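# Architecture at a glance
What follows is each chain in one-letter form.
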Amino acid sequence: MSATLVGGLTEQLVRGRSLGLAIVSTVVWLGFILAMSRKGGDFNRRLAAALALLSIAIQVLLILSTWIPVIEWPVAIWSGVAVMHLLSQANNSGAGAWR
């Protein structure tokens, strides 16, 4: 989670956001990860780790998109699909994430 925090701050600062806005948006994203990693009050460390690793990959690609603007939309679309797929797999009983 600390790598996700650093990656989020770096991504926001590279994009030219203020430090305050970078902190707020990164903390909100970490809160989203923690909130989605709970089901019925139980905390799922595997799902939180998977979301954090996926977030790091998304942040790296978004940093690259500041220098290669044409990849920003594909990164945004892929990241949305990837996060939703991971969350839907975690909610299916066959995925094993909530066992």
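Residues numbered from 1 in each chain as written. Predicted model: local features only at pLDDT ≥ 70, side-chain atom pairs only at ≥ 80, totals over all residues. Heavy atoms only, no water.

The next point concerns the pattern of salt bridges. Going through the model one piece at a time under the given rule, you end up with two salt bridges. Between Glu72 and Arg15 there is a salt bridge, and its shortest N-O distance comes to 3.4 Å. A residue pair is termed long-range when its members are at least 10 positions apart, and Glu72 in helix 4 (residues 72-91) and Arg15 in the loop between helix 1 (2-14) and helix 2 (19-36) qualify at 57 residues. Overall, the relative accessible area of 24% leaves Arg15 in the partly exposed class. Through salt bridges with shared partners, one network takes in Glu11, Arg15 and Glu72. (Salt bridge = Lys/Arg side-chain N within 4 Å of Asp/Glu carboxyl O. Helix = DSSP H or I, 4+ residues; strand = E, 2+ residues; numbered from the N terminus. Buried < 20%, exposed > 50% of the residue type's maximum accessible area, 1.4 Å probe, protein only.)

Once that is clear, we can look at the layout of surface pockets. The volume enclosed by the largest pocket comes to roughly 250 Å³. What lines the largest pocket is a set of 13 residues, among which Glu11, Gln12, Trp29, Gln59 and Leu62 lie closest to the centre. Partitioned by chemical class, the residues of the lining of the largest pocket number four nonpolar, eight polar and one charged. (1 Å grid on protein atoms, 1.4 Å probe; cavity = no way out; pocket = protein on both sides within 12 Å on 5 of 7 lines; lining within 4 Å. Points joined across faces, edges and corners; volume = space filled by probe spheres on them. Nonpolar A, V, L, I, M, F, W, Y, C, P; charged D, E, K, R; others polar.)

Its 21 residues give helix 3 (residues 45-65) an end-to-end C-alpha distance of 30 Å, which sits within 8% of 30 Å, the value for a rise of 1.5 Å per residue. Along helix 3, the residues that are buried comprise Leu47, Ala48, Leu51, Ala52, Leu54, Ser55, Ile58, Gln59, Leu62, Ile63 and Ser65. Buried positions along helix 3 lie against helix 1, helix 2, strand 2 (42-43) and helix 4. Its side-chain oxygen placed 3.0 Å from the backbone nitrogen of Arg46, Asn44 serves as the N-cap of helix 3. (Expected span 1.5 Å × (residues − 1). Contact = heavy atoms within 4.5 Å. Polar contact = N/O pair within 3.5 Å; in protein donor to acceptor, adjacent residues only side chain to side chain.)

Before going further, it helps to examine helix 1. For helix 1, built from 13 residues, the straight-helix expectation of 18 Å at 1.5 Å per residue is met to within 8% by its first-to-last C-alpha distance of 18 Å. Inspection of helix 1 places Thr4, Gly7, Gly8, Glu11 and Gln12 among the buried residues, and these make up the whole buried set. Down the axis of helix 1, the buried side of the element spans an arc of 125°, and every buried residue falls inside it. Residues of helix 1 that are exposed and angled more than 90 degrees away from the buried face: Ser2 and Val6. Buried positions along helix 1 lie against helix 2 and helix 3. A positive phi of about 90° marks Gly16, the residue just after helix 1. (Arc of directions from axis to C-beta.)

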